[in-house]
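Okay, here's what each chain looks like letter by letter:
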Amino acid sequence: MFTICVGFRSSLLGVLVAIVGSYTLAPLAGAQQVISQGASSRGLRSASREFAEFAQEVLAASPTIEAQSILIEGRVIDESGLPVSGAVVVSSAGGSASTDREGIFQLEVAQCPRDASVGVTAIATVGDRTWTSHAQVTPNGPSANVGGMHLQEAADCQPSWLPTFGAAPGLNLAVKALAVFDDGSGPAPYAGGVFGTEDASADYIAKWTGARWSGLGSGLDSIVLTLAVFDDGSGPALYAGGLFTTAGGVPANFIAKWNGSVWSALGSGLSHEVDTLAVFDDGSGPALYAGGWFTNAGGVPANSIAKWNGSTWSALGTGLNSGVQTLAVFDDGSGSALYAGGVFTNAGGVPARFIAKWSGSSWSALESGM
């Protein structure tokens, strides 16, 4: 067992939301005016960079809430005192476990605030009936025992959310992207965003092991906005896009690949921010597509969207005239195609208001757009 401290300032969350609003909603509201005036997207890109710098200042300035990893033990029994196997046990501070044949459970909580009262709930279903038990414990060390938990039939079981990924501080700032990736040790959820940890071990990107958050090597040097899993022929890997320029100590401009053990760049990367990633097969095989606010991909002119085939970058026609913020693959009956959404009004020379379709060879609008 070990003790950890994570930075967290609840009073800053309101300030952060206000600034997020000013750095995203306000620029977007004026995006059409910016486009109509033929101005560049420097304002939005500058705001994103300023927000990244602000987030870093928050991480550095935030005081800490002391938290510890604890083990909660106990035994689940039925009304007659017999052990119940296979019951699920969760806590209000996160974590989950199941009981063995003797009804015994060991529930690990990765981040439990010191001196906090933790609720422990056991639940089992027999036939069409649900049985529950609840207990409170205040750990004053690395372990706590709740004793026997007697199941009773639940008369009115109301579903509710539990912080399975750890109680506060958990992740201390916003999560912008989630993906499931198997690094060889089994599938796990990965989170990317604005968050960081006190020791910088999981800044901006982290893996949930089932009990705690862990870093990916030495991580990234700025915000992650999008995650995707793609196999370039060397095996599935996790790809991250955002505002960073370094990944695991390696120069990686706004996009990087995590193969489960090391970070690597995708050529010379992109010229600016990446907001979205998607995997699409244009007929030449699956490839990774990136959308954002860049004008160059791997030394090739590429306006706001580009294709990575595993070794080189290429443009999608003449691209789009402003930022791409989301990508999706859809088959409308004429074949699978890549759809892009953002603040653009032109796609490949074709008028397309804020949404457009890439067939693999050409751009087209979706009626009059949005």
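Bear in mind that the values here come from a model prediction, so they are computed numbers and not experimental data.

The next point concerns the sheet that holds strand E20 (residues 274-281). The strand order across the open sheet built from 4 strands is E20-E21-E24-E25, with neighbouring strands paired in antiparallel fashion. If you trace the sheet from one side to the other, it starts and ends with E20 and strand E25 (313-315), each paired once. On average, each strand axis in the sheet is tilted by 30° relative to the strand beside it, whichever way the strands run. Sheet topology note: the strand E24 (residues 305-308)/E25 ladder contains 3 bridges and is antiparallel. Counted as the bridge partner of Trp-308 is Trp-313 from E25.

The next thing to look at is the packing of aromatic side chains. Geometry of an aromatic ring pair is reported as the spacing of the ring centres plus the angle between the planes. Per the counting criterion, the structure on display carries 8 aromatic pairs. With a centroid separation of 5.7 Å and 55° between ring planes, the pair formed by Phe-230 and Tyr-239 is classed as tilted.

Attention shifts here to the pattern of salt bridges. Considering all chains together, one arrives at 4 salt bridges under this definition. Between Lys-257 and Asp-232 there is a salt bridge, with its nearest N and O atoms 2.9 Å apart. With Lys-257 in strand E18 (residues 255-258) and Asp-232 in the loop between strand E14 (224-231) and strand E15 (236-242), the pair connects residues that are 25 residues apart, well separated along the chain. When its relative accessible area of 13% is taken as the criterion, Lys-257 is described as buried. Taking relative accessible area as the criterion, Asp-232 reaches 22% and is therefore assigned partly exposed.

Turning our attention to unusual backbone geometry. Of note, Tyr-204 is a non-glycine position whose phi angle comes to about 70°, a positive value. Along the chain, Tyr-204 falls in the loop between strand E11 (187-193) and strand E12 (205-208). When its relative accessible area of 4% is taken as the criterion, Tyr-204 is described as buried. Phi is positive for Ser-304, close to 75°, though the residue is something other than glycine. Assignment of secondary structure puts Ser-304 in the loop between strand E23 (300-301) and E24. A residue is classified by how much of its surface remains accessible, and Ser-304, at 5% relative accessible area, is buried.

Let's shift gears to the sheet that holds strand E26 (residues 324-331). Ordered in space as E26-E27-E30-E31, the 4 strands form an open sheet in which the pairing is antiparallel. The open sheet has two free edges, formed respectively by E26 and strand E31 (363-365), since each of these has just one partner strand. Neighbour-to-neighbour, the strand axes of the sheet open up by a mean angle of 30°, direction not taken into account. With 3 bridges joining them, strand E30 (residues 355-358) and E31 adopt antiparallel strand pairing. If you follow Lys-357 over to E31, its bridge partner there is Ser-364.

Bringing the nonpolar core into the picture now. One finds Ile-205, Leu-220, Val-224, Leu-227, Leu-238, Ala-240 and Trp-263 to be the most contacted residues of the largest nonpolar core, which totals 30 residues. The set of elements that each furnish at least two residues to this core consists of strand E10 (175-182), E11, E12, E14, E15 and E18. Counting 23 residues, the second largest nonpolar core, distinct from the first, contains Phe-105, Val-120, Ala-144 and Met-149.

Moving on: the environment of Leu-216. Mapped onto the secondary structure, Leu-216 falls in the loop between strand E13 (213-214) and E14. For the pair Leu-216 and Gly-260, spaced 44 residues apart in sequence, the C-alpha to C-alpha distance is 8.0 Å.

Where strand E6 (residues 118-126) meets strand E7 (residues 129-137), 9 bridges bridge the pair, whose relative direction is antiparallel. Counterpart to Thr-125 in the pairing with E7 is Thr-130. Linking E6 to E7, which pair antiparallel, is a turn of 2 residues; within it Gly-127 sits at a positive phi near 65°. Pairing analysis gives 2 bridges linking E7 to strand E9 (residues 152-153), with the strands arranged antiparallel. Bridge pairing links Thr-132 to Gln-152 in E9.

Bringing the pairing of E6 into the picture now. Across 4 bridges, strand E3 (residues 88-91) lies against E6 in antiparallel orientation. Across the sheet, residue Val-90 finds its bridge partner in E6, namely Thr-121.

To continue, consider the confidence of the model for the chain. Confidence in the prediction of the chain, expressed as mean pLDDT, is 80, and 75% of residues score 70 or more. Predicted confidence is poor over residues 1-42, with pLDDT under 50, and the contacts of this stretch with residues over four places away or in other chains come to 69 contacts.

Conventions adopted
- Residues numbered from 1 in each chain as written.
- Predicted model: local features only at pLDDT ≥ 70, side-chain atom pairs only at ≥ 80, totals over all residues.
- Heavy atoms only, no water.
- Pairing = 2+ DSSP bridges.
- Helix = DSSP H or I, 4+ residues; strand = E, 2+ residues; numbered from the N terminus.
- Axes fitted to C-alpha atoms, helices over the stretch in contact; angles between N-to-C directions.
- Phe/Tyr/Trp six-rings, centres within 6.5 Å; stacked < 30°, edge-to-face > 60°.
- Salt bridge = Lys/Arg side-chain N within 4 Å of Asp/Glu carboxyl O.
- Buried < 20%, exposed > 50% of the residue type's maximum accessible area, 1.4 Å probe, protein only.
- Core = buried A, V, L, I, M, F, W, Y, C linked by side-chain atoms within 4.5 Å.
- pLDDT = per-residue confidence, 0-100.
- Contact = heavy atoms within 4.5 Å.

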